[in-house]
Amino acid sequence: MADEIVGDEYERRPVPETALKGPTSFWGMYAGEHTAGTEFMIGPLFVAWGATAFDLIVGLLVGNLLAVLTWRFVTAEIATQQRLTLYYKLEKICGRWLVSFYNLANGVLFCFLAGAMVTVSATAIGVPLGDAIRMPTFDDVLPTGLVWISTCVVLGVLMTVVAIRGYAFVARVGHVASPWMMLVFVACGITVLAKLDTWNLYALLEPPAGTKKAIGFWGVVCFSWFCNAAMHLGMSDLSILRYARKPSYGWASAAGMFFGHYVAWICAALLLVYWVRNFGANPAKGVPPGTMVYDAVGWSGIVCVIVAGWTTANPTIYRAGLAFQGMFPSISRTTGTLIAGAVCTVASIFPAFAMKLLDFVGIYGTILAPVGAIIFVDHFWAHRLGLISDYAEQTNAKFNTAALLAWIIPVLVGLSCYQLLNVQSFVLPLPCWIASGILYVLFSKLMNRVSAKVVVA
Amino acid sequence: MNHWAKPVSILSLVMTILPPVLLLLKIVDENTMKAAMLLATVGWFAASPYWLRES
């Protein structure tokens, strides 16, 4: 299904009845898409940040449930009523120029995310290289040496070439691999229980006394709710869920959340717990995912880390290429993908994106999610509040200044709070989203009044 | 459709998760578990594309 959705069908018109998909496509797609290489980073990062067993077991449950509810009652509702891509809906509201601006932000952030996935895969490639390569730790921001750089460049180039030539093949590999990958995650968790000779998962997840606590229950809730904020609150998944027959297909996101973002994260967290307890590893520095997974389940683990990183980095590079192409329509898709691949490869060399993934994912949601509030207001409230729905289309405007300000102001305030006040980035998407919706109503009332008369006339 | 593909795939999935459980129950050792999981990996990727593609 991913191929057809990413392809160029129905990009500028609603998806017709005949092209709608059944529920199984969505359950499979969400399960596969959210079991990625980066899950091997996120679980251990919670351990490094001193999350308790209650924070993880209950916090992740609540946060993921809230994410599923958001997909079901916000994204899927709008997607099945409009049946348009995010880009086209945004163009109808904000005009083509603002969509280009959004494409730039989206494309660059996609590249950094794909770079983090390449970094995770590189830690698996590095295992057979032994002492020849210095693997990065959570503390590392800059490249750790020439061998590390070479490994990332080779992987990045390979992934870019495949994204250009064989995207459909990679989508198939991802589809085929996802049930097996999920079981490898679970196998890692069970192996840790076996090696530490205990069945008490709760006791294992408790941090040792004196561990510095950088994240609590609500932090875990917010992270798991908003790590995909760009997709649900930000409406990026309109492009996928517009193919759903009914809004109830939004429940399919539960497959991704409760397999990929609950079971897989907890199993990945257990890997670092084992290294801390058995080898005295410093949780704040962490251990490279490839090393931990190889130690737990052997070569099948190495294959899992590479495949998990590869099958999710490739579509991400491909989508970033499409975003760049959308921004500069004169360039070919190949050129767009090449640019995306180059940026992704450079990003992968710097471990910062993978090792600071909790921060990065929060920033990603803070920047992109507020756009979804503009769509939310336009869809549910425009008529009730006397605003013009699909403002740019109705008034032939190329640029909706009210939408730009409503997006940019909360993002700048949010990023300033993160930078200057040390507010954790993953708590910011919701306040920014709400602020963006309120500001869009206010600015539309103030700035789009004259145009409203034009439309009425 | 290759009739062998689906049973081999299901067996491979079972062989991916069963060895760690047997390790937890102290029935197999770690090396046996890792070897069985590698075999299951090969089995899954060899067999599942045939029937997953068709379904």
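What counts and how
- Residues numbered from 1 in each chain as written.
- Chains lettered and ligands numbered in written order.
- Predicted model: local features only at pLDDT ≥ 70, side-chain atom pairs only at ≥ 80, totals over all residues.
- Heavy atoms only, no water.
- Helix = DSSP H or I, 4+ residues; strand = E, 2+ residues; numbered from the N terminus.
- Buried < 20%, exposed > 50% of the residue type's maximum accessible area, 1.4 Å probe, protein only.
- Contact = heavy atoms within 4.5 Å.
- Salt bridge = Lys/Arg side-chain N within 4 Å of Asp/Glu carboxyl O.
- Core = buried A, V, L, I, M, F, W, Y, C linked by side-chain atoms within 4.5 Å.
- Polar contact = N/O pair within 3.5 Å; in protein donor to acceptor, adjacent residues only side chain to side chain.
- Buried area = accessible area lost by both parts, 1.4 Å probe.
- Expected span 1.5 Å × (residues − 1).

Enquirer: Whenever I open this one, the overall build of chain B confuses me. Can you help?
Expert: A count of helices and strands for chain B gives 2 helices and 0 strands. Oriented by its inertia axes, the alpha-carbon framework of chain B measures out at about 40 × 15 × 15 Å. In chain B, which comprises 55 residues, the share counted as buried stands at 38%. The contacts in chain B between residues at least 6 apart in sequence include a share of 59% that link residues at least 24 apart.

Enquirer: Even after reading the chapter, I still don't get the pattern of salt bridges, so can you show me in this structure?
Expert: Here the idea is simple: oppositely charged side chains can pair when their charged atoms come close. For the structure on display, the rule yields 14 salt bridges over all chains. Among the salt bridges present, the one from A:Asp378 reaches A:Lys89, with a minimum N-O distance of 3.0 Å. In this pair, A:Asp378 is assigned in helix H18 (residues 370-381) and A:Lys89 in helix H5 (residues 86-94), connecting sequence segments 289 residues apart. You'll find A:Asp378 and A:Lys89 in the same group, each marked buried. As a salt-bridge pair, A:Asp390 and A:Lys89 come within 2.7 Å of each other at their nearest N and O atoms. Of this pair, A:Asp390 sits in the loop between H18 and helix H19 (391-395) while A:Lys89 sits in helix H5; the two residues are 301 residues apart in sequence, bridging distant segments of the chain. Since its relative accessible area comes to 11%, A:Asp390 is described here as buried. The exposure class assigned to A:Lys89 is buried, which follows from its relative accessible area of 1%. Within this structure, A:Lys195, A:Asp295, B:Glu30 and B:Lys34 form a network of salt bridges that share partners.

Enquirer: What is the right way to read unusual backbone geometry from this model?
Expert: Among all residues save glycine, negative phi is the norm, and among peptide bonds the norm is trans. With a phi close to 60°, A:Asn396 is a non-glycine residue in the positive phi region. With respect to the secondary-structure elements, A:Asn396 resides in the loop between H19 and helix H20 (401-420). In this model, B:Lys26 sits at a positive phi of 60°, which is unusual for a non-glycine residue. Mapped onto the fold, B:Lys26 is located in the loop between helix H1 (5-24) and helix H2 (30-54). B:Lys26 sits in the exposed class, given a relative accessible area of 60%.

Enquirer: Which parts of the structure should I look at to understand the nonpolar core?
Expert: Within soluble globular proteins, side chains that are nonpolar tend to cluster in buried spots. Residues and elements named next belong to chain A. Formed by 163 residues in total, the largest nonpolar core has its most connected members in Phe 46, Phe 223, Val 297 and Tyr 440. No other element matches helix H6 (residues 96-125), which puts 15 residues into this core. Apart from the residues within four sequence positions on either side, Phe 223 is in contact with Ile 42, Phe 46, Trp 265, Leu 358, Val 361 and Phe 426.

Enquirer: Could you clarify how one ought to interpret the side chain of A:Asp55 in this entry?
Expert: Residues and elements named next belong to chain A. Mapped onto the secondary structure, Asp 55 falls in helix H4 (residues 53-82). Only 2.6 Å separates the side chain of Asp 55 from the side chain of Lys 213, close enough to count as a polar contact. Within the structure, Asp 55 has its side chain in polar contact with the backbone nitrogen of Phe 217 (distance 3.3 Å).

Enquirer: For this particular structure, what's the right way to read the interface of chain B and chain A?
Expert: Often, the extent of an interface is quoted as the loss of accessible area upon association of its parts. Contacts between the two partners involve 20 residues from chain B and, on the opposite side, 25 residues from chain A. Broken down residue by residue, the surface that chain B buries against chain A is led by B:Ile17, B:Leu24 and B:Phe45, which jointly contribute 27%. Note that B:Lys26 is salt-bridged to A:Asp197, the shortest N-O span being 2.6 Å. Inspection of the region where chain B meets chain A yields 5 residue pairs in polar contact (both at pLDDT 80 or more). Those elements that place two or more of their residues in the side of chain B that touches chain A are H1 and H2 of chain B.

Enquirer: Would you explain helix H17 (residues 357-368) of chain A in this entry?
Expert: Count 3.6 residues to each turn of an α-helix, and residues three or four apart come out pointing the same way. Residue and element names in this part refer to chain A. The terminal C-alpha atoms of H17, which comprises 12 residues, lie 16 Å apart, in line with the 16 Å expected from a rise of 1.5 Å per residue. A large share of H17 lies buried, amounting to 12 of its 12 residues. When H17 is considered as a whole, its buried residues turn out to be Leu 357, Leu 358, Asp 359, Phe 360, Val 361, Gly 362, Ile 363, Tyr 364, Gly 365, Thr 366, Ile 367 and Leu 368.

Enquirer: I'm lost on the environment of A:Trp71 in this one. Help?
Expert: All names here are of chain A. Within the fold, Trp 71 resides in helix H4. Relative accessible area serves as the criterion here: at 0%, Trp 71 is assigned to the buried category. As for Trp 71 and Leu 233, which are separated by 162 residues in sequence, their C-alpha atoms are 7.7 Å apart. Here Trp 71 is in contact with Tyr 30, His 34, Ala 76, Asn 228, Met 231, His 232, Asp 237, Leu 241, Gly 250, Ser 253 and Met 257, once residues within four sequence places are set aside. In this structure the side chain of Trp 71 is engaged in a polar contact, spanning 2.9 Å, whose partner is the side chain of Asp 237.

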